[in-house]
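Chain by chain, the residues run as shown.
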Number of protein chains: 2
Amino acid sequence: MRIITVSRQFGSGGRELGKRLSDILGWDYYDKEIIQKLSEDSGLDEGYIDTVLTNHEWQSIPLSYNNSFAFISSLPTDKTSLLIQQRKIIESIAQVGHDCIIVGRDADIILSLYKPFRLFVCADMDSRIARTMGRENDKEDPRLTEKEIARNIRKIDKERAQVRQILSGKDWGEGTCFDLTVNTRSTDIKALSQMVADYALKWFELNGVT
Amino acid sequence: MRIITVSRQFGSGGRELGKRLSDILGWDYYDKEIIQKLSEDSGLDEGYIDTVLTNHEWQSIPLSYNNSFAFISSLPTDKTSLLIQQRKIIESIAQVGHDCIIVGRDADIILSLYKPFRLFVCADMDSRIARTMGRENDKEDPRLTEKEIARNIRKIDKERAQVRQILSGKDWGEGTCFDLTVNTRSTDIKALSQMVADYALKWFELNGVT
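Notes on the structure follow. As the structure is a prediction and not an experimental result, all values here were calculated from the model. (Residues numbered from 1 in each chain as written. Chains lettered and ligands numbered in written order. Predicted model: local features only at pLDDT ≥ 70, side-chain atom pairs only at ≥ 80, totals over all residues. Heavy atoms only, no water.)

Here we look at the overall build of chain A
A count of helical and extended segments in chain A gives eight helices and five strands. Each helix and strand of chain A, ordered N terminal to C terminal, gives the series β-α-β-α-α-α-β-α-β-α-α-β-α. Split into buried and exposed, the 210 residues of chain A put 47% on the buried side. The long-range share in chain A, meaning contacts at least 24 apart out of those at least 6 apart in sequence, stands at 72%. Of the roughly 10100 Å² that chain A leaves accessible, carbon and sulfur atoms contribute 50%. (Helix = DSSP H or I, 4+ residues; strand = E, 2+ residues; numbered from the N terminus. Buried < 20%, exposed > 50% of the residue type's maximum accessible area, 1.4 Å probe, protein only. Contact = heavy atoms within 4.5 Å. Areas by Shrake-Rupley, 256 points an atom, 1.4 Å probe, with all protein chains shown as cover.)

Written as structure tokens, this is what we have:
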């Protein structure tokens with residue numbers, strides 16, 4: 001079984017790259033699906049789970065969030081419990097045994113024994129802001145200013161780095177933590193995805209992962 | 001003209017990868033050649049130049065080094081002057097206009113206007129120590145212990161990072177400073193070189209560099 005894990009900086013286009021890899025290779029794809037499973041298992045609202053997992057505070061989020069069933073007190077509702085639960089789901093994905101792509105959620109560390117191809121997707125801050133603004137324009141939300149987006153990006157970076165530090169003791173984005181780091185700066189993600197797919201397939205061959 | 005710049009952590013196999021890229025692609029290759037040119041231009045000993053450029057101290061090295069002609073006082077002998085001289089040589093390489101590979105010496109920053117494919121080669125400390133020890137065994141020098149090698153590697157990292165900071169204001173090894181970062185951990189550099197060559201050729205095409 002071959003697993004590609006996609007770690008990415010917010011706004012780098014990593015999610016799109018992951019989805020395209022899955023389309024090109026025809027492999028299973030896991031991203032929001034993990035949150036959906038967490039939601040099914042726990043009865044908690046997906047939005048609630050997402051908020052707890054991406055929030056950099058470790059205390060509980062008020063349980064009045066959305067239509068959450070969090071009042072069922074025996075369920076895990078705090079960040080630590082949800083991270084443990086998420087870990088189990090990621091491990092169960094690997095146990096299915098299908099070739100797959102997993103975006104985010106530190107699956108590269110959690111599944112290290114399966115020798116995944118660990119991809120990191122990054123871009124300079126200007127490209128990330130531009131990409132995020134393009135995305136924002138599709139929404140009905142009031143548009144954020146460039147400055148606000150930059151602040152949000154830095155906040156998300158910090159949150160991801162924190163979970164990463166806890167799991168691996170290493171700085172997030174360090175080249176040696178990944179098998180390949182690609183920079184999406186001013187690059188067409190579609191063409192880049194094919195290049196990464198080619199590279200990854202050869203990498204699995206080279207490393208005897210089948 | 002297509003330029004591949006190879007920045008690398010000491011002991012990562014980056015130099016070998018660069019040489020192999022040049023063999024695969026049939027492109028010009030510059031590494032020690034730059035020091036040789038510096039030596040020809042200045043009349044200074046190659047060993048002396050190398051010592052000055054890789055030494056993390058910025059004061060002058062005693063001029064009694066080897067068979068150096070450094071007593072000719074009008075020639076640049078300090079690190080700053082040599083870095084400026086080296087920069088000019090790297091710029092003149094680009095002016096030749098041939099497709100080429102340049103290893104180290106921050107050519108990616110110096111030649112950024114030529115839109116080089118900026119490769120960074122890294123590996124975890126254990127692999128770097130192992131690779132360096134393998135290399136040491138070929139020499140007649142008394143063997144260094146693992147601990148001494150690790151200390152040397154950290155020292156060289158620090159020195160390279162310092163010049164990098166001066167040139168670009170950025171941390172060395174940051175993913176966003178490069179177009180591709182490859183990890184050579186437990187990987188056959190020969191096979192990896194072919195993968196990187198394929199990727200680089202597609203990258204030039206994608207970015208309209210011919």
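Some remarks on the sheet that holds strand E2 (residues 28-30) of chain A
A sheet is described by the order of its strands in space; here 10 strands give the open sequence E2(A)-E3(A)-E1(A)-E4(A)-E5(A)-E5(B)-E4(B)-E1(B)-E3(B)-E2(B), paired in mixed fashion. A strand with exactly one partner marks an edge of an open sheet, and here the two such strands are E2 of chain A together with strand E2 (28-30) of chain B. Averaged over all pairs of adjacent strands, the angle between their axes in this sheet comes to 20°, without regard to strand direction. Bridging between strand E1 (residues 3-8) of chain A and strand E4 (residues 117-122) of chain A involves five bridges; their strand directions are parallel. Bridging from a neighbouring strand, Thr5 of chain A pairs with Arg118 of chain A of E4 of chain A. (Pairing = 2+ DSSP bridges. Axes fitted to C-alpha atoms, helices over the stretch in contact; angles between N-to-C directions.)

Describing the packing of helix H3 (residues 46-54) of chain B against helix H4 (residues 79-96) of chain B
All names here are of chain B. Remark: H3 packs on H4, axes separated minimally by 9 Å, with the N-to-C direction vectors making an angle of 105°. On the basis of their axis angle, the class for H3 and H4 is roughly perpendicular. In contact with Ile49, Val52 and Leu53 of H3, H4 contributes Lys79, Leu82, Leu83 and Gln86. A breakdown of the residues in the contact of H3 with H4 according to their chemical character gives five nonpolar, one polar and one charged. (Parallel < 35°, antiparallel > 145°, perpendicular 65-115°, else oblique. Nonpolar A, V, L, I, M, F, W, Y, C, P; charged D, E, K, R; others polar.)

As for the side chain of Asp31 of chain B
Residue and element names in this part refer to chain B. Looking at the element boundaries, Asp31 is found in the loop between E2 and helix H2 (32-42). Under the relative-accessibility criterion, Asp31 is labelled buried at 3%. If we skip the residues at most four places from it in the chain, Asp31 touches Arg15, Val103 and Arg105.

Examining the pairing of strand E3 (residues 100-103) of chain B
Residues and elements named next belong to chain B. Burial along E3 is two-sided: Cys100 and Ile102 and Ile101 and Val103, pointing in opposite directions, are all buried. Two strands pair when backbone bridges link them, and strand E1 (residues 3-8) and E3 are joined in this way by four bridges, in the parallel orientation. Along E3, the bridge assignment pairs Ile4 with Ile101. Of the strand pairs in this sheet, E2 and E3 are connected by three bridges, and their pairing is parallel. Bridging from a neighbouring strand, Tyr30 pairs with Ile102 of E3.

Quick look at the pairing of strand E5 (residues 180-183) of chain B
Every second residue of E5 of chain B is oriented toward a common face, with Leu180 and Val182 of chain B on one face and Thr181 and Asn183 of chain B on the other, all of them buried. Looking at chain direction, strand E5 (residues 180-183) of chain A and E5 of chain B are connected through three bridges and run antiparallel. Bridged to Leu180 of chain A within E5 of chain B is Val182 of chain B. The pairing of strand E4 (residues 117-122) of chain B with E5 of chain B spans four bridges and is classified as parallel. Looking across to E5 of chain B, one finds that Cys122 of chain B is bridged to Asn183 of chain B.

Structural notes on helix H8 (residues 189-206) of chain A
Along its 18 residues, H8 of chain A runs 25 Å from first to last C-alpha, staying within 8% of the 26 Å computed at 1.5 Å per residue. Those residues of H8 of chain A lying buried are Ile189, Leu192, Ser193, Met195, Val196, Ala197, Tyr199, Ala200, Trp203 and Phe204 of chain A. (Expected span 1.5 Å × (residues − 1).)

Let's talk about the pattern of salt bridges
Pairing is possible between side chains that carry opposite charge, provided their charged atoms lie close to one another. Applying the stated criterion across every chain yields a total of 24 salt bridges over all chains. Residue Glu16 of chain A is joined to Arg20 of chain A by a salt bridge in which the shortest nitrogen-to-oxygen separation is 2.9 Å. With a gap of four residues between them, Glu16 of chain A and Arg20 of chain A both fall in helix H1 (residues 14-25), about one helical turn apart. Overall, the relative accessible area of 34% leaves Glu16 of chain A in the partly exposed class. Across the pair Asp50 of chain B and Lys32 of chain B runs a salt bridge, and its minimum N-O distance is 3.8 Å. (Salt bridge = Lys/Arg side-chain N within 4 Å of Asp/Glu carboxyl O.)

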